[in-house]
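Below, each chain spelled out in residue letters.
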Amino acid sequence: MVHRVTFIPGDGVGPELSEATRRVLEGTGVQFDWDVQEAGADVIDRYGTPLPEPVLESVRSNGVAIKGPLTTPIGTGFRSVNVALRKQLDLYACLRPCKWYKGVRSRYQDVDLVIVRENHEDLYAGIEFEQGSAAAKQVIEFLNGLQDRRIREDSGISIKPISVTGTRRIARFAFDYARAYGRKKVTAVSKANIMKHTDGLFYAVSREVAMEYPEIEYDEYLVDNMCMQLVQKPENFDVLLLPNLYGDILSDLAAGLVGGLGVAPGANLGDQVAVFEATHGSAPKYKGQNKVNPMAMMFSGMLMLRHLNEGGAADRLERALAAVIGEGRSVTYDMKPNRDDPTAVGTSQVADAVIAKLEAAA
Ligand code: NAD
């Protein structure tokens, strides 16, 4: 079967990483019909926006995309091009598997957990009122009229909406993922003892959803405790289910447990559409240098293969990447014990090494 997939090279280091990733994905033997779509800083002159409509149309119609990072240029009107993409395609779930591979330099070993983060709600909904503005003044007066506690007049305000609908679908996503990938436990994380009507709701709805999946264990941790548990005993956790803000913070923490940005893959998913991308950004200062690590995007490609029901190819790619990491020879500077190591290879040489492993195993 040939998979038609939207391919967004991105900008900054994106095109180099995307090309390396395309080569290893094709090296698995799976057939792709790439629908290449340009977005990002480099297309603004042509389209007047870093996120042209044809890109969105392509992802909607193909249902699956893999993308390189996109720079958010200052002054485009977008708070973030990537957030706009997630909103416009209703990609409500952010998936961040964090797995340690032998050879990756980290303080931890045997970590294998998955972060599921809600993408649209919470303090990141973008409902903000600038300190001193007429709107902030109105909001403060209104809220002061509703309750005894006083909000200072010189406050800025950010609103934190968490809905039953939004929580139910992200919780179902986490449990469906656990079921599909043989995971044993889902842990909801929030601060429900303090924010009873938002984080409390997140727990209550997650608990209800958990009842629909009796074979999967469910538990709850407060986010402060979870931070401590993750640095002490990350091996105790399996799937973590989080609202937007805590999910953002803990996914970086968890990426740090398993080697950092160079190897942290991700995906943003909705009911109809899935977009696979590395966690890191476009690292503009390294653009065009064939220097940075393509493995995070390659691991994102592995997640895409699983999503496309190409589990065998995904396993082969994972083994090939693990072998290259384990040998420690054909890896970029960030994976060497010393960042100035002259034996570090470039982006495209990592792809060559991974493809050689795929071919050797065939
Ligand atoms: P960044 O992730 O691009 O880079 C930060 C630093 O991390 C780099 O200078 C580099 O030292 C290191 N790094 C990043 N990727 C690496 C890799 N593959 N291999 C080795 N080292 C790597 O973060 P930033 O500088 O904050 O953001 C730059 C731009 O990227 C911004 O415009 C931002 O909006 C955008 N961004 C995009 C995405 C996305 O496309 N999903 C995500 C984050 C940031």
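Being a predicted model, the structure only gives us computed values, none of them experimental.

**Re the sheet that holds strand S5 (residues 112-118)**
Taken together, ten strands build an open sheet; the order of strands is S2-S1-S3-S12-S11-S4-S5-S10-S8-S9 and the sheet is mixed. Of all the strands in the sheet, just strand S2 (31-36) and strand S9 (217-222) have a single pairing partner and so form its edges. Taking the axes of each pair of neighbouring strands and ignoring which way they run, one obtains an average angle of 25° across the sheet. Here strand S8 (residues 185-190) runs beside S9; their pairing, made up of six bridges, is parallel. Following the sheet pairing, Ser190 is matched in S9 by Leu222.

**What to know about the site of the ligand**
The environment of the ligand is made up of 20 residues, and the closest members are Leu70, Glu277, Gly281, Ala283 and Asn293. With respect to the ligand, the backbone of Leu70 contributes an N or O atom lying 2.9 Å from an oxygen atom. A distance of 2.7 Å is found between an oxygen atom of the ligand and a backbone nitrogen or oxygen belonging to Ala283. The protein chains hide 70% of the 810 Å² of surface that the ligand would expose on its own. Across the shell around the ligand, the residue classes tally to eight nonpolar, eight polar and four charged.

**Description of the state of the cysteines**
Inspection of the entire model under this criterion finds zero disulfides. Here Cys98 is not disulfide-linked; the sulfur of Cys94 is the nearest cysteine sulfur, at 9.9 Å. Cys227 carries a free sulfur, and the closest cysteine sulfur to it, the one in Cys98, is 14 Å from it. In this structure Cys227 comes out as partly exposed when scored by relative accessible area, which is 26%.

**What to know about the nonpolar core**
Ranked by internal contacts, the top residues of the largest apolar core, which has 91 residues, are Met295, Met304 and Val354. Among the elements that line this core, the one with the most residues is helix H10 (residues 295-307), at nine residues. If we skip the residues at most four places from it in the chain, Met304 touches Val5, Leu25, Phe32, Trp34, Val64, Ala65, Ile66 and Phe276. Listed in part, the 15 residues of the second largest apolar core include Leu51, Leu70, Leu89 and Val273.

**Things to note about the packing of aromatic side chains**
Counted according to the given criterion, the structure contains eight aromatic pairs. On the basis of an interplanar angle of 25° and a centroid distance of 5.0 Å, the ring pair of Phe175 and Tyr213 is categorised as stacked. Pair noted here: Phe175 is in helix H6 (residues 164-180) and Tyr213 is in the loop between helix H7 (199-210) and S9, with a separation of 38 residues, a long-range link. Its relative accessible area of 4% is what places Tyr213 among the buried residues. Ring geometry for Phe175 and Tyr218: centres 6.1 Å apart, planes at 40°, overall tilted. With Phe175 in helix H6 and Tyr218 in strand S9, the pair connects residues that are 43 residues apart, well separated along the chain. Put simply, the rings of Phe7, Phe32 and Trp34 pair up and form one aromatic cluster.

**Some remarks on the packing of helix H8 (residues 223-232) against helix H9 (residues 244-257)**
Axis separation between H8 and H9 bottoms out at 11 Å; the angle between their running directions is 10°. The pairing of H8 with H9 is recorded here as roughly parallel in orientation. Within the contact between the two elements, H8 uses Val223, Met226, Cys227, Leu230 and Val231 and H9 uses Tyr246, Leu250, Leu253 and Leu257. When its residues are assigned to classes, the contact of H8 with H9 shows nine nonpolar, no polar and no charged.

**Notes on the pattern of salt bridges**
Counted by the stated rule, this structure contains 25 salt bridges. Note that Asp199 is salt-bridged to Lys160, the shortest N-O span being 2.8 Å. Placement of the pair is Asp199 in helix H7 and Lys160 in the loop between strand S7 (157-158) and H6, with a sequence separation of 39 residues. You'll find Asp199 and Lys160 in the same group, each marked buried. In this structure, Glu327 and Lys357 form a salt bridge, with 2.4 Å as the shortest nitrogen-oxygen distance. Residue Glu327 is located in helix H11 (residues 311-327), and its partner Lys357 is located in helix H12 (residues 347-361); the two are separated by 30 residues in the primary sequence. On the accessibility criterion, Lys357 (26% relative accessible area) is partly exposed.

**Let's talk about the side chain of Thr332**
Note that Thr332 resides in the loop between H11 and H12. For Thr332, a relative accessible area of 0% puts it in the buried group. Only 2.6 Å separates the side chain of Thr332 from the side chain of Asp334, close enough to count as a polar contact. Once residues lying within four places of it in the same chain are set aside, the contact partners of Thr332 are Lys291, Val292, Asn293, Pro294, Ala344, Val345, Gly346, Thr347 and Val350.

What counts, and where the lines are drawn
- Residues numbered from 1 in each chain as written.
- Predicted model: local features only at pLDDT ≥ 70, side-chain atom pairs only at ≥ 80, totals over all residues.
- Heavy atoms only, no water.
- Pairing = 2+ DSSP bridges.
- Helix = DSSP H or I, 4+ residues; strand = E, 2+ residues; numbered from the N terminus.
- Axes fitted to C-alpha atoms, helices over the stretch in contact; angles between N-to-C directions.
- Near = heavy atom within 4 Å.
- Polar contact = N/O pair within 3.5 Å; in protein donor to acceptor, adjacent residues only side chain to side chain.
- Areas by Shrake-Rupley, 256 points an atom, 1.4 Å probe, with all protein chains shown as cover.
- Nonpolar A, V, L, I, M, F, W, Y, C, P; charged D, E, K, R; others polar.
- Disulfide = S-S within 2.5 Å.
- Buried < 20%, exposed > 50% of the residue type's maximum accessible area, 1.4 Å probe, protein only.
- Core = buried A, V, L, I, M, F, W, Y, C linked by side-chain atoms within 4.5 Å.
- Contact = heavy atoms within 4.5 Å.
- Phe/Tyr/Trp six-rings, centres within 6.5 Å; stacked < 30°, edge-to-face > 60°.
- Parallel < 35°, antiparallel > 145°, perpendicular 65-115°, else oblique.
- Salt bridge = Lys/Arg side-chain N within 4 Å of Asp/Glu carboxyl O.

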